[in-house]
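Remarks on the overall topology
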Amino acid sequence: MEIERKYLISRVPDSLTITNTRLIEQGYLNTEPVVRIRKDNDKYELTYKSKGLMAREEYNMPLTQEAYEHLRTKVDGRIISKTRYEIPLNDELKIELDIFHGDLEPLMLAEVEFPTEEAANVFIPPEWFGEDVTYSSKYHNSVLSQA
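The structure contained in this document is the topic of the report that follows. (Residues numbered from 1 in each chain as written. Predicted model: local features only at pLDDT ≥ 70, side-chain atom pairs only at ≥ 80, totals over all residues. Heavy atoms only, no water.)

Regarding unusual backbone geometry
Note the cis peptide between Glu32 and Pro33, where omega equals -5°. A cis amide bond links Glu105 with the next residue in sequence, Pro106, at an omega value of 5°. One non-glycine residue, Asn41, lies in the positive phi region at around 55°. Inspection of the secondary structure puts Asn41 in the loop between β3 (34-40) and β4 (43-49). A relative accessible area of 34% means that Asn41 is categorised as partly exposed. (Helix = DSSP H or I, 4+ residues; strand = E, 2+ residues; numbered from the N terminus. Buried < 20%, exposed > 50% of the residue type's maximum accessible area, 1.4 Å probe, protein only.)

In structure tokens:
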């Protein structure tokens, strides 16, 4: 189960501690239900996600580079390209800051994953986070891939 909150970001503070940077390319073979392929640095995977906004099932299966490249030609809609920065929030939580490239620039989104829905519901975001778009499917990557 994936439980996350998502926020629009308009300005990134200079003083963030970044612990990991990942270059991500992803496309969607289907959007209902979501079936996604992703290249995450040098890792390739196929993902199924159920319906839902803050909480939904997610299953990841490894792909070879060859399988990814083959399936990439079957993508419906645009290929999304973004840089993901991992930023520790506290001992238990981290921020995943996505800065989109190409025709989705200058979009920036921050996601925080939680162990429980209760933890997600009481979360107070950092002041540099913008609008909470957790309950807006408009900002799901599967929807962005179709715009």
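Topic: the packing of aromatic side chains
Enumeration over the complete set of coordinates arrives at six aromatic pairs. Between Tyr7 and Phe123 the ring centres are 6.2 Å apart and the planes differ by 55°, which places this aromatic pair in the tilted class. Taken together, the positions of Tyr7 in strand β1 (residues 2-8) and Phe123 in the loop between α2 (117-121) and α3 (141-144) put the pair 116 residues apart, joining distant regions of the chain. Judged by its relative accessible area of 1%, Tyr7 is buried. Classification of Phe123 as buried rests on a relative accessible area of 12%. Taken together, the ring pairs connect Tyr7, Phe114, Phe123, Trp128 and Phe129 into an aromatic cluster. (Phe/Tyr/Trp six-rings, centres within 6.5 Å; stacked < 30°, edge-to-face > 60°.)

A few points about the pairing of strand β9 (residues 108-113)
The buried fraction of β9 is high, at five of six residues. Of the strand pairs in this sheet, β1 and β9 are connected by five bridges, and their pairing is antiparallel. Bridging across to β9, Glu4 finds its partner in Glu113. The pairing of strand β8 (residues 94-100) with β9 spans five bridges and is antiparallel. The residue bridging Ile99 from the neighbouring strand is Met108, located in β9. (Pairing = 2+ DSSP bridges.)

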